[in-house]
Amino acid sequence: MAVLANFYLPRYLLALILLQLPKLDSAHFDVIGPPEPILARVGEDAELPCHLSPNMSAAHMELRWFRNKVSQAVLVHREGREQDAEQIPQYRGRATLVKGDITVGRVAVRIHSVRASDDGEYRCFFKDDQSYEESIVRLKVAALGSDPHIHMEVQENGEIWLECTSVGWYPEPQVQWRTPKGEKFPPTSESNNPDEEGLFTVAASMSIRGISLENVSCCIQNLLLGQEKEVGISIPAPFFPRLTPWMVAVAVILMFLGLLTIGSIFFIWRLYKERSRERKDEFSPKERLLEEPEWKTAKLHAVDVTLDPDTAHPHLFLYEDSKSVRLEDSRQKLPENPERFDSWPCVLGREAFTSGKHYWEVEVGDRADWAIGVCRENVMKKGFDPMTPDNGFWAVELYGNGYWALTPLRTPLSLEGSPCRVGIFLDYESGDISFYNMTDGSHIYTFPKISFSGPLRPFFCLWSCGKKPLTICPIAGGPEGVTVVADAQNLSKDIPLSPIGEDPASGHTDTLHSKLIPTQPSQGAS
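Conventions we followed
- Residues numbered from 1 in each chain as written.
- Predicted model: local features only at pLDDT ≥ 70, side-chain atom pairs only at ≥ 80, totals over all residues.
- Heavy atoms only, no water.
- Helix = DSSP H or I, 4+ residues; strand = E, 2+ residues; numbered from the N terminus.
- Buried < 20%, exposed > 50% of the residue type's maximum accessible area, 1.4 Å probe, protein only.
- Contact = heavy atoms within 4.5 Å.
- Areas by Shrake-Rupley, 256 points an atom, 1.4 Å probe, with all protein chains shown as cover.
- Disulfide = S-S within 2.5 Å.
- Pairing = 2+ DSSP bridges.
- Axes fitted to C-alpha atoms, helices over the stretch in contact; angles between N-to-C directions.
- Phe/Tyr/Trp six-rings, centres within 6.5 Å; stacked < 30°, edge-to-face > 60°.
- Lys NZ or Arg CZ within 6 Å of the ring centre and 35° of its normal.

Quick notes on the overall build of the protein
Then comes step 1: When helices and strands are tallied, the protein shows 4 helices and 32 strands.
Then comes step 2: By the burial criterion, 42% of the 526 residues in the protein qualify as buried.
Then comes step 3: A fraction of 63% describes how many contacts in the protein between residues 6 or more apart in sequence connect residues 24 or more apart.
Then comes step 4: Per element, the accessible surface of the protein, about 29100 Å² overall, is 55% carbon and sulfur.

What to know about the state of the cysteines
Then comes step 1: Counted under the stated rule, the structure contains 2 disulfides.
Then comes step 2: The side chain of C50 participates in a disulfide bridge whose partner is C124; the two sulfur atoms lie 1.9 Å from each other. Disulfide C50-C124: the torsion about the S-S bond is 45 degrees, which places it as right-handed. Highlighted residues: C50 in strand β3 (residues 46-53) and C124 in strand β9 (residues 120-128), separated in sequence by 74 residues. For the pair formed by C50 and C124, the shared burial category is buried.
Then comes step 3: Each disulfide pairs two cysteine sulfurs, and for C164 the partner residue is C218, the sulfurs being separated by 2.1 Å. Given an S-S torsion of about -80 degrees, the disulfide between C164 and C218 has left-handed geometry.

Side note on the sheet that holds β3
Then comes step 1: Ordered in space as β1-β3-β8-β7, the 4 strands form an open sheet in which the pairing is antiparallel. The sheet is open, and its two borders are formed by β1 (30-32) and β7 (95-101), each paired with just one other strand. Adjacent strand axes in the sheet meet at a mean angle of 25 degrees, parallel and antiparallel pairs treated alike.
Then comes step 2: Where β3 meets strand β8 (residues 106-111), 6 bridges bridge the pair, whose relative direction is antiparallel. Within β8, the residue paired with L48 across the bridge is V109.

Here we look at the packing of aromatic side chains
Then comes step 1: In the structure shown here, the tally under the stated rule is 13 aromatic pairs.
Then comes step 2: Ring plane angle 90 degrees and centroid distance 4.9 Å describe the contact between W344 and F384, whose orientation is recorded as edge-to-face. Placement of the pair is W344 in the loop between β20 (324-327) and β21 (346-348) and F384 in the loop between β23 (370-376) and β24 (393-399), with a sequence separation of 40 residues.
Then comes step 3: Looking at W344, the relative accessible area reads 9%, which means it is buried.
Then comes step 4: Note on F384: relative accessible area 46%, which makes it partly exposed.
Then comes step 5: Of note, R67 hangs over the ring of Y122, and the distance from its end group to the ring centre comes to 4.2 Å.
Then comes step 6: The residue whose ring lies beneath R410 is W404, and the NZ or CZ to ring-centre distance is 4.2 Å.

Things to note about the sheet that holds strand β13 (residues 174-178)
Either a parallel or an antiparallel arrangement is found when strands of a sheet pair, and the pairing is made through backbone hydrogen bonds.
Then comes step 1: If you walk across this open sheet you meet the 4 strands as β14-β13-β17-β18, and the pairing is antiparallel. In this open sheet, the two strands that pair with only one neighbour each are β14 (184-185) and β18 (227-234).
Then comes step 2: With 2 bridges joining them, β13 and β14 adopt antiparallel strand pairing. Its bridge partner being in β14, R178 is matched across the sheet by K184.

Let's talk about the environment of L307
Then comes step 1: Summarising the element assignment, L307 is placed in the loop between α4 (294-298) and β19 (316-318).
Then comes step 2: For L307, a relative accessible area of 1% gives the class buried.
Then comes step 3: Sequence-wise, L307 and F460 are 153 residues apart; in three dimensions their C-alpha atoms are separated by 9.3 Å.

A short note on unusual backbone geometry
Then comes step 1: Here the amide bond leading from S53 into P54 is cis, since omega sits at 5 degrees, within 30 degrees of zero.
Then comes step 2: Along the chain, P54 turns up in the loop between β3 and β4 (62-66).
Then comes step 3: Of note, the amide linkage connecting Y170 to P171 takes the cis form, showing an omega dihedral of -5 degrees.
Then comes step 4: The backbone phi angle of E79 is positive, close to 60 degrees, even though this residue is not glycine.
Then comes step 5: Its place among the elements puts E79 in the loop between β5 (73-78) and β6 (81-82).

In structure tokens form, the structure reads like this:
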């Protein structure tokens, strides 16, 4: 019996160890959330999206959105249905699942009637058998309060006491007292107290004594929304000192001098217009360029842009001429390079600009999900830092069905038509980065001027796979265009990622060089 026990014991231990190992067929995946915070107003609905990378079905997975702890569930979806019993009370009946394209791993949680308490971070959690990953989604809540109301009282000592009140603000607003001339007065006292729903009630007061004011207004600003509400009040005349004869005389003289100055300025302006009209026909061709649209002047500074393979994400496969690249599902095994993007599917231009004016055009056609622009040479290329001016990126993008400027809180762009070609202009000394719709010559967006330091480089990014190319157009009389192609077997709108080191063309995983694809003369925008 002892011999039999010793014979079966190793087999039993081996079986026990194998049961503890994760399943060999469990697929690795990442969970990707939006790079920028989601902004929602109180009372509106907000959607917090996330998706799997590579794209795969999430219908059989456990999906969970929660706040700080896994037990604080906003929504749980498991075994094909929502688990209402696991929701914390404040989200029961308010949080529902938006399956969308759940078969390709794209889902979202919709929070109905957003409250101030919903502000903050959410974690999007996917679990498939033994594999699980999560991503952070940030929700910023804002509320524009009621119209301000000013209450005025005259004190016994002659002071005028004003109090401005308003309710329903979030986050905590700023209050200013103003005059019609733009002078600002800080409140003498101010209190911003949240109510039961977390919305702030504003009460700001100031005292006027020995100051001649006829009108004053109270302005309350919501810095997150970039909006404000203002109300003014007229202070009765008896509260101000009467005008003496010498004050009246000074006022009349100043009025006369003002009229004389206005007349002189008008006369000089008329004379200037007549002189300009006479000289208009004498302008040289170079001078006439100043009257052309901005993009025509910018095209005088066209440069030839190429791509830098040392910065390309491992999912981007370069052509032999280093002027074309496409996005594939597979990931190349490449040597570690601090200049290579390892998270965002991006690539930089080889050219670095430290001065002067530069212009290039990109053919975007009718493909979706791209971002183009300019970035600092030393931007963070590892991880998922937001692409904002604070992090060294100045770019515009098409994501989903909307065009955006990548500002700290993404700025929506209203375009009359979808551009097929976008012009990018950089004036290093003036701190100007502008974008133009070259389909109709209209202006798209200009970032606020900034003082640059260090090299700047062209920047390109593809968010999803597709058959349509992204093409850097050739300069007049220059070489052929640079094509950035997103090529995949399906038309998924996700960024498919595969295990590091997998080369789909050769099947080998020991190469440390980018796959170079022969240049095709017929490539370009369709």
